[in-house]
Amino acid sequence: MSAALKYTLGRIGLFVAVLAGLWLIDMNVFLKLMLALVFSAALSFFLLRGWRDEMAGEMADATERRRAEKERLRSALAGEDQTPADPPTPPTPPTDPQR
């Protein structure tokens with residue numbers, strides 16, 4: 001499972017858990033939702049630190065791969081590619097069947 005999906009599901013789970021806890025208190029529904037959002041954000045800062053760091057690492061790796069691929073494509077388009085896929089072969093002289 002990707003780190004981003006894990007972190008997102010963790011954030012949603014925390015929100016639902018806090019909202020379920022606040023549901024027992026008698027107050028406005030909008031206020032319950034807002035408090036659940038604020039409390040779950042604060043809790044996720046501490047409880048989901050490992051998943052957040054893992055997700056940030058995956059995003060940094062993906063960014064570096066895209067940057068390297070972009071540079072490789074730019075150099076290939078500019079004709080600066082050092083490793084050609086197929087080296088050119090010298091032309092072979094035509095054979096004369098009458099000789």
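Okay, so let's go over this structure. Predicted model only: the values in this text are computed from it and were never measured.

Here we look at helix α2 (residues 29-47)
Okay, so step 1: Counted at 1.5 Å a residue, the expected span for α2 with its 19 residues is 27 Å, and the 26 Å between its end C-alpha atoms agrees.
Okay, so step 2: Of all the residues in α2, the buried ones are K32, A36, S40 and S44. One side of α2 holds all its buried residues, which, seen down the axis, span an arc of 90°. In α2, the exposed positions angled more than 90 degrees off the buried face are occupied by F30, V38 and F46.
Okay, so step 3: Of the residues that open α2, the one with a side-chain oxygen 3.3 Å from the backbone nitrogen of F30 is N28.

Side note on the environment of V38
Okay, so step 1: By the element assignment, V38 lies in helix α2.
Okay, so step 2: Given the relative accessible area of 51%, V38 is considered exposed.
Okay, so step 3: Each C-alpha atom, one on V38 and one on F15, is 8.9 Å from the other, the two residues being 23 residues apart in sequence.

Observations concerning the pattern of salt bridges
Okay, so step 1: Applying the stated rule across the entire model yields 4 salt bridges.
Okay, so step 2: Its salt-bridge partner being E64, residue R67 comes within 3.2 Å of it at the nearest N-O pair. Remark: E64 and R67 occur in helix α3 (residues 49-77); sequence separation between them is 3 residues, near one turn of the helix.
Okay, so step 3: Among the residues examined, R67 registers a relative accessible area of 46% and is labelled partly exposed.
Okay, so step 4: Overall, the relative accessible area of 45% leaves E64 in the partly exposed class.
Okay, so step 5: For E71, the salt bridge identified is with R74, shortest N-O distance 3.8 Å. Here the residue E71 and the residue R74 both occupy positions in helix α3, the gap between them amounting to 3 residues, near one helical turn.
Okay, so step 6: Under the relative-accessibility criterion, E71 is labelled partly exposed at 45%.
Okay, so step 7: Residue classification places R74 among the partly exposed positions, given a relative accessible area of 48%.

The rules behind each value
- Residues numbered from 1 in each chain as written.
- Predicted model: local features only at pLDDT ≥ 70, side-chain atom pairs only at ≥ 80, totals over all residues.
- Heavy atoms only, no water.
- Helix = DSSP H or I, 4+ residues; strand = E, 2+ residues; numbered from the N terminus.
- Expected span 1.5 Å × (residues − 1).
- Buried < 20%, exposed > 50% of the residue type's maximum accessible area, 1.4 Å probe, protein only.
- Arc of directions from axis to C-beta.
- Polar contact = N/O pair within 3.5 Å; in protein donor to acceptor, adjacent residues only side chain to side chain.
- Salt bridge = Lys/Arg side-chain N within 4 Å of Asp/Glu carboxyl O.

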